[in-house]
Amino acid sequence: MGMTMVEKILARKAGLDHVSPGDSVVCDVDMTVMYDLEFGPGWDQPLKIRDPEKIAVTIDHTVPAPSVRDAQSVTNARVFVRDFGISKFYDVGQHGICHQIIAENGLARPGEVLACSDSHTCAAGAYNTVACGLGPAEVYSIICTGRTWFAIAPTIRYEFTGTKPAVVSGKDIFLYIAGTYGDATANNLEYGGTGLVSIPMNDRRTIATQGAEISADFSTFPVDDLTREFLAAHGVPPDSYEAADPDPDAAYAVVRTVDLSVLEPYVARPGGVSNNTLPVSAIEKRPVQQCFIGSCANGQLEDLRIAADVVRGHKVAPGVRLLVTPASQRVYRDAMRAGYLQDLADAGAVVTNSTCGACFGYHMGLLAPGEVCLTSSTRNFTGRMGSPEAEIYMASPATVAASALTGYVTHPEGVTV
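Residues numbered from 1 in each chain as written. Predicted model: local features only at pLDDT ≥ 70, side-chain atom pairs only at ≥ 80, totals over all residues. Heavy atoms only, no water.

A. Structural detail: the overall build of the chain. Of regular secondary structure, the chain possesses 12 helices and 18 strands. Since a compact globule built from 417 residues should have a radius of gyration of about 22 Å, the 20 Å found for the chain is in line with a globular shape. Projected onto the principal axes, the alpha-carbon positions of the chain cover approximately 60 × 50 × 40 Å. Considering only intrachain contacts with a sequence separation of at least 6, the fraction spanning at least 24 residues in the chain is 75%. Total accessible area on the chain is roughly 15200 Å²; 52% of this is exposed by carbon and sulfur atoms. Taking the average location of the 31 positive side-chain charges in the chain and that of its 46 negative ones, the two points are 4 Å from each other. (Helix = DSSP H or I, 4+ residues; strand = E, 2+ residues; numbered from the N terminus. Rg over C-alpha atoms; globule rule 2.2 N^0.38 Å. Contact = heavy atoms within 4.5 Å. Areas by Shrake-Rupley, 256 points an atom, 1.4 Å probe, with all protein chains shown as cover. Lys, Arg positive; Asp, Glu negative; His and termini not counted. Charge placed at Lys NZ, Arg CZ, Asp CG, Glu CD.)

B. Looking closely at the pattern of salt bridges. Using the criterion set out here, one finds 21 salt bridges in the structure. Ionic pairing is found between Lys13 and Asp30, a salt bridge with its closest N-O pair at 3.0 Å. Residue Lys13 is found in helix H1 (residues 5–14), and its partner Asp30 is found in the loop between strand E1 (24–28) and strand E2 (31–35); the two are separated by 17 residues along the sequence. In this structure, the salt-bridge partner of Arg157 is Glu190, at a minimum N-O distance of 2.8 Å. Residue Arg157 is found in strand E8 (residues 155–161), and its partner Glu190 is found in strand E9 (residues 188–192); the two are separated by 33 residues along the sequence. No difference in accessibility class separates Arg157 from Glu190, as the two residues are buried. Each of Glu302, Arg305, Asp309, Arg312 and Asp343 takes part in one network of salt bridges that share partners. (Salt bridge = Lys/Arg side-chain N within 4 Å of Asp/Glu carboxyl O. Buried < 20%, exposed > 50% of the residue type's maximum accessible area, 1.4 Å probe, protein only.)

C. Representation of helix H2 (residues 68–84) in the model. The terminal C-alpha atoms of H2, which comprises 17 residues, lie 25 Å apart, in line with the 24 Å expected from a rise of 1.5 Å per residue. Of the positions making up H2, those classed as buried are Asp70, Ser73, Val74, Asn76, Ala77, Phe80, Val81 and Phe84. Seen end-on, H2 carries its buried residues on one side only, within an arc spanning 155 degrees. Residues of H2 that are exposed and point over 90 degrees away from its buried face: Val68 and Arg82. Buried residues in H2 make contact with E2, strand E3 (55–58), strand E4 (88–90) and helix H4 (136–145). One or two steps after H2, the chain reaches Gly85, where phi turns positive at roughly 65 degrees. (Expected span 1.5 Å × (residues − 1). Arc of directions from axis to C-beta.)

D. Looking closely at H1. Within H1, 8 of the 10 residues are buried, which leaves it mostly tucked inside the rest of the structure. Taken together, the buried positions of H1 are occupied by Met5, Val6, Glu7, Ile9, Leu10, Ala11, Lys13 and Ala14. Gly15, located one to two residues past H1, shows a positive phi value of around 75 degrees.

E. The nonpolar core, seen in detail. Formed by 49 residues in total, the largest nonpolar core has its most connected members in Val33, Phe160 and Ile173. Broken down by element, the residue count for this core peaks at 6 residues, all from helix H5 (residues 170–181). Counting 36 residues, the second-largest nonpolar core is a separate cluster that includes Ile59, Val81, Ile86 and Cys132. (Core = buried A, V, L, I, M, F, W, Y, C linked by side-chain atoms within 4.5 Å.)

F. Highlighting the pairing of strand E5 (residues 113–116). Of the two faces of E5, the one lined by Val113 and Ala115 and the one lined by Leu114 and Cys116 are each fully buried. Sheet topology note: the E2/E5 ladder contains 3 bridges and is parallel. When the bridges of E5 are listed, Met31 appears paired with Leu114. (Pairing = 2+ DSSP bridges.)

G. Quick look at the pairing of E9. E9 sits mainly inside the fold: 5 of its 5 residues count as buried. Residues Asn188, Glu190 and Gly192 of E9 are buried on one face, and the alternating residues Leu189 and Tyr191, pointing to the opposite face, are buried as well. Bridge analysis of E8 against E9 gives 5 bridges, and the strand direction is parallel. Note that in E9 the partner of Ile156 across the bridge is Leu189. Crossover connection from E8 via H5 to parallel E9: handedness right-handed. (Right-handed = clockwise from strand over helix to strand, strands pointing away.)

H. Highlighting the sheet that holds strand E14 (residues 290–293). One open sheet holds the 7 strands; their spatial order is E13-E12-E18-E17-E14-E15-E16, and the pairing between them is mixed. Of all strands in the sheet, those bounded by a partner on one side alone are strand E13 (277–279) and strand E16 (350–351). Where strand E17 (residues 372–375) lies against strand E18 (residues 391–395), 4 bridges are found, and the strand directions are parallel. Each bridged residue has a counterpart across the sheet, and for Thr375 the counterpart in E18 is Met394. Each of strand E12 (266–268), E13 and E18 touches H5; the most contacted strand, E12, lies at about 60 degrees to it. (Axes fitted to C-alpha atoms, helices over the stretch in contact; angles between N-to-C directions.)

I. Region of interest: the sheet that holds strand E6 (residues 130–133). The parallel open sheet is built from 5 strands, whose spatial order is E4-E3-E2-E5-E6. Because the sheet does not close on itself, it has two edges, and the strands there are E4 and E6. Between one strand and the next, the sheet's axes are offset by a mean angle of 15 degrees, whatever the strand orientation. Pairing between E2 and E3: 4 bridges, direction parallel. The partner of Tyr35 across the bridge, within E3, is Thr58. Packing of H4 onto the sheet brings it into contact with E2, E3 and E5, and relative to E2 it is tilted by some 130 degrees.

J. Fine view of the side chain of Asp224. Structurally, the position occupied by Asp224 is in the loop between strand E10 (219–220) and helix H7 (225–233). Judged by its relative accessible area of 18%, Asp224 falls in the buried class. Within the structure, the side chain of Asp224 is placed 2.8 Å from the side chain of Arg204, a separation counted as a polar contact. A polar contact of 3.1 Å, which involves the side chain of Asp224, links it to the backbone nitrogen of Leu226. Sequence-distant contacts of Asp224, that is, excluding residues within four places in its chain, are made with Leu196 and Arg204. (Polar contact = N/O pair within 3.5 Å; in protein donor to acceptor, adjacent residues only side chain to side chain.)

Put into structure tokens, the structure is as follows:
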């Protein structure tokens, strides 16, 4: 029996000819990414690390530092980087959400294993990389030994057919999958099919990132021409990696077909995404007080372009806050040069520094009791973005931007204000 993408990569990195669901393997790790929160209270610098070239450190969750404790964490990170000669350091000014930093600096490569303690590390699966969030203690062990272990889970295959409509984004595709099929606990997700060519790389990363919200172990895409073009543009030449395609006789737990051509914008109701989404056209007229565009899932340059296109020439509705957080300093600069930030600010949006901030309810836009938020970030469970008495809906950047103009959850196509 053949192997899936994930099985092929893990077998290769474990030095094995074949692996199957139920196996446990010990693998070499090609890249380990650390971030500021890991260097907080309890951090104890190791005496020795395995390979400084296989470690990257970024300042992302707490930029700028909202507390003295967070400032100390960043100082600890700088000491670690200095003492061990780690060159891949993305300090304030070159910073960004770690998954964006991984993408734009070519740290995730096809056929490789990437480790990080953030739960949305599966984002790197967009580049045919085996990546999932691991505990801080395990990441600490990896930087010292260069290895980790994984249990091989069954794989769910999504076969995309048709062509994605322009109004539909990666977030909408994910919300359709999450609402239709629910959790994928203790399973890997694999994507492919003839329709994949109509899904751009930014949307693939959104889909891969959101795999964490349905409890998937890994969320992986194949390498095609779009992938190769993206990687080459970010410093990863085609002769530097070995992509992993599934075998024709790979064994899957289930294969599900998604016809992209019939999809429309979706929204998740508060509390989670699994079995909790519906088309935007079917939701009640729900007033919102805060609209948020950002995070590792939807703070990419294309997301900001889409939002700017929606709000250009209009104004945010009275009583609504539109917060926009670019996923990295590079995205911020590129969006500024393209005029997207000007369009957003002219419409009444607040554009913040690149950080995880509001997404995980830490700073830069928390919710008060009784407020309703529509977010394009990664999670909408109770209390995620502030008060546990607030409600959080989730949708695409286009839907969030359109809703900011009307003051209620609104379909992004043909929005009138």
